[in-house]
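# Per-entry structural report
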Number of protein chains: 2
Amino acid sequence: MSIKAERFVLLKRPTGVPDESAFALEQVTIFTELKQNELLLHGLYYSVDPYMRGRMSGAKSYVAPFALNQPMEGSVIARVAASNSSAFRPGDLVLGQLAWATEMVVKAESVSKIDTTDALASEHLGILGMTGLTAYFGLLKIGQPKAGETVVISGAAGAVGTVVGQIAKIKGCKAIGIVGSDEKSKLIKDRFGFDASINYKTQKDLASQIKLACPDGVDVYYDNVGGDISDAVMQNMNFKSRIVLCGQISLYNAKEVPVGPRIQPLLLTRSILMQGFIVTNFQSQFPEAIADLSKWLRDEKIESSETVLEGFENLPKALIGLFSGKNTGKMIVKAAA
Amino acid sequence: MSIKAERFVLLKRPTGVPDESAFALEQVTIFTELKQNELLLHGLYYSVDPYMRGRMSGAKSYVAPFALNQPMEGSVIARVAASNSSAFRPGDLVLGQLAWATEMVVKAESVSKIDTTDALASEHLGILGMTGLTAYFGLLKIGQPKAGETVVISGAAGAVGTVVGQIAKIKGCKAIGIVGSDEKSKLIKDRFGFDASINYKTQKDLASQIKLACPDGVDVYYDNVGGDISDAVMQNMNFKSRIVLCGQISLYNAKEVPVGPRIQPLLLTRSILMQGFIVTNFQSQFPEAIADLSKWLRDEKIESSETVLEGFENLPKALIGLFSGKNTGKMIVKAAA
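Just so you know, these numbers come straight off a predicted model, no measurement behind them. (Residues numbered from 1 in each chain as written. Chains lettered and ligands numbered in written order. Predicted model: local features only at pLDDT ≥ 70, side-chain atom pairs only at ≥ 80, totals over all residues. Heavy atoms only, no water.)

## Some points on the relation of the copies chain B and chain A
Stated precisely, the cut-off is as follows: Here the copies are superposed with least squares, the fitted atoms being C-alpha atoms of residues at a pLDDT of at least 70 in both. Contacts are residue-level and defined by heavy atoms, with any inter-residue pair within 4.5 Å sufficient.
Placing chain B over chain A gives an RMSD of 0.0 Å and needs a rotation angle of 180°, together with 0.0 Å of translation along the axis. Within this description, the copies of the chain are treated as partners about a two-fold rotation axis. No C-alpha of chain B approaches the rotation axis more nearly than that of Met 274 of chain B, which lies at 2.6 Å. Comparing contact sets, 100% of the residues at the interface of chain B also lie at the interface in chain A, consistent with an isologous, same-surface contact.

## Comments concerning the domain arrangement of chain A
Residue and element names in this part refer to chain A. For clarity, the cut-off: For each domain, the first and last residues come from an automatic or database assignment. Values labelled buried area give the accessible surface lost by two parts on being combined, using a 1.4 Å probe and summing over both. The salt bridge criterion pairs a side-chain nitrogen of Lys or Arg with a carboxyl oxygen of Asp or Glu, the two atoms within 4 Å.
Along its sequence, chain A is carved into domain 1 (2–126 + 305–334) and domain 2 (130–281). If you average the C-alpha positions of domain 1 and of domain 2, the two centres end up 29 Å apart. In total, domain 1 and domain 2 occlude about 1,300 Å² of area from one another, counting both sides; carbon and sulfur atoms represent 59% of this. The interface formed by domain 1 and domain 2 includes 0 salt bridges.

## Structural notes on the environment of Ile 176 of chain B
All names here are of chain B. Test applied: Only runs of H or I of at least four residues qualify as helices and only runs of E of at least two qualify as strands under DSSP, and these elements are numbered from the N terminus. Throughout this description, buried means an accessible area under 20% of the type-specific maximum (1.4 Å probe, protein chains only), exposed means over 50%, and partly exposed covers the range between.
By the element assignment, Ile 176 lies in strand 9 (residues 174–179). For Ile 176, a relative accessible area of 1% corresponds to the buried category. Separated by 60 residues in sequence, Ile 176 and Thr 116 place their C-alpha atoms 32 Å apart. Beyond its immediate chain neighbours, meaning those up to four positions away, Ile 176 contacts Thr 150, Val 151, Val 152, Ile 153, Phe 194, Asp 195, Ala 196, Ala 213 and Cys 214.

## Here's the deal with the interface of chain B and chain A
With 36 residues of chain B in contact, the opposing surface of chain A contributes 36 residues. For the pair chain B and chain A, the summed buried area comes to about 3,100 Å², and 60% of that belongs to carbon and sulfur atoms. Across the chain B-chain A interface, the total number found is 4 salt bridges. With a closest N to O distance of 2.9 Å, Asp 231 of chain B and Arg 262 of chain A form a salt bridge.

## With respect to the packing of aromatic side chains
All names here are of chain A. The test is simple: Pairing of aromatic rings covers Phe, Tyr and Trp, the last counted by its six-membered ring, and requires centre-to-centre distances within 6.5 Å; plane angles under 30 degrees mean stacked, over 60 mean edge-to-face, and any other angle means tilted.
One pass over the structure, following the stated rule, counts 18 aromatic pairs over all chains. Between Phe 8 and Trp 100, the ring centres sit 6.4 Å apart and the planes meet at 90°, which makes this aromatic pair edge-to-face. Remark: Trp 100 occurs in the loop between strand 5 (93–99) and strand 6 (103–107) and Phe 8 occurs in strand 1 (residues 2–10); sequence separation between them is 92 residues. For the pair formed by Phe 8 and Trp 100, the shared burial category is buried.

## What about the side chain of Asn 236 of chain B?
Residue and element names in this part refer to chain B. Our working rule: Contacts described as polar in this section are N or O atom pairs within 3.5 Å, which, within protein, must combine one atom able to donate a hydrogen with one able to accept it, while residues neighboring in sequence count only if both atoms come from side chains.
By the secondary structure assignment, Asn 236 is in the loop between helix 6 (227–234) and strand 12 (237–245). On the basis of relative accessibility, which here comes to 11%, the residue Asn 236 falls in the buried class. A polar contact is formed between the side chain of Asn 236 and the backbone oxygen of Ala 232, at a distance of 3.2 Å. Dropping the residues within four chain positions of it, Asn 236 is found in contact with Ala 207, Ile 210, Lys 211, Gly 217, Val 218 and Arg 270.

If you want it as structure tokens, here you go:
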């Protein structure tokens, strides 16, 4: 038996901002004779994330690059269409690091079942998945905010940013967001409870605006974007403050090594800690984090935010859109059920 | 009663590398009628340190700038010439943050007696003073080296650098020093037990030389200098490595904000921690550190290194010399006894 499926492969390693020509949509035939312990999956929700840009380049990093002419991959929620594993039944919803394909055959151990009793399926990609965990560990374990402190978040209307701001509020901090549009500025205050927000695109002197919004200075800077925005925040950092390096999306498409003011003298004279991380550094603590996040979600102390593009064929467009801020919250592609 | 004394005052705030015209040697008359609890001191050893350059500028920092037309000050060891305090007797040796003056009247509580039973007087300025403490806390509390790891030290033949390398060896690490002359290169290996050393002035491709000296990568980088040298070290940092920002002497005399490659993407993809500090952040732990350093000194596991300029009049020259690497180890000016 066989079925037709579609998948996106990486055709070339882009220079600068990728466009859709980096990807090719292929028609493939999938043989559905499942071996022992295999599942046939139908993709439902596909996560697109800024870190994928790094994997599209060939540079050495601690996540291997995507292979050329092979399917792109990422966090995907799928429905089990057929199972030759005693652990899964048709109709089960599963989560895994899977190919950008409409249907696929995988080993049962490469996915885990998700529970949709209290959370939407897509929330397992976002607030209860890598996004929420990244916000949680970066802010709490590196940023170590204390009640009453000021937390500034760049990319504040993005997937991770909206969660960081809400956790900062739960911890009794002041949350200030930097965003790229007036709509996002309004949204993070009205919907996610930020104390103030700044649209960097309409500010001539961003450092002074941050100073106005943070009269006591900045104690924690949760950085998703890097570049000039971070330069402006850093001028306002307090003595013994912390900078959490979560993302540098403004630099991911740079064609040359970006240059800027050297920051070490500032970190030195103000005794600042700056630390980069990837969420898997905290893998052993995932269960406690998911328990906290689930409880906050049930208690309506945090809420999830998603930008959903309908249609498998929109995966490249969704990923590219991240680099021009097309999303609010988690960017997800939803395939036909 | 009065005596004649000399002192150096700060005449102007220099731009770029300071020269001796920034200082003026003044003749002053000191009245030696001591009030209750006052001491008359005769200066013996004067510490000059890179951080003093920052205090010569008017910029806001967490140590107040030196005042214009007022005496320079720093760590000084002095002999009590006369005392109106029950806690001190003539002949006692004391340490304090004191003026660059040959004689001075101070309150008794502004100095502390030093014990020269097991250590030379000048060692209380260096290895048992701020220098040793800076090396100790930066390396052990921020760098957190584990046995078998590789520690790279810039400014390795300087006051702090020589101590950092020796503590790294005590902790079972590999110590690699970066220095500015072949003499210093030889010295840190032969006298201070560094495993390898690199003269950055004779290397065309410093990053590759560091890679050769550190085949397993760099786990801790103890940075005293900043700038291009640090750029080269950073290319070799390991995943989850630590960068201790102790000094940035290559940038202290910059006339404009120095620019360089943005480092956040590297810190992010390699999960690196970078932290600035000043030694007083660890004040509550000074006693245990001094106990460790004293024991290592007694057991001959570390040794002190000093460059001594004779003559009070050489204070400005000694300070300026730090910025062209005139010193090996701690730079001290010794006045006539």
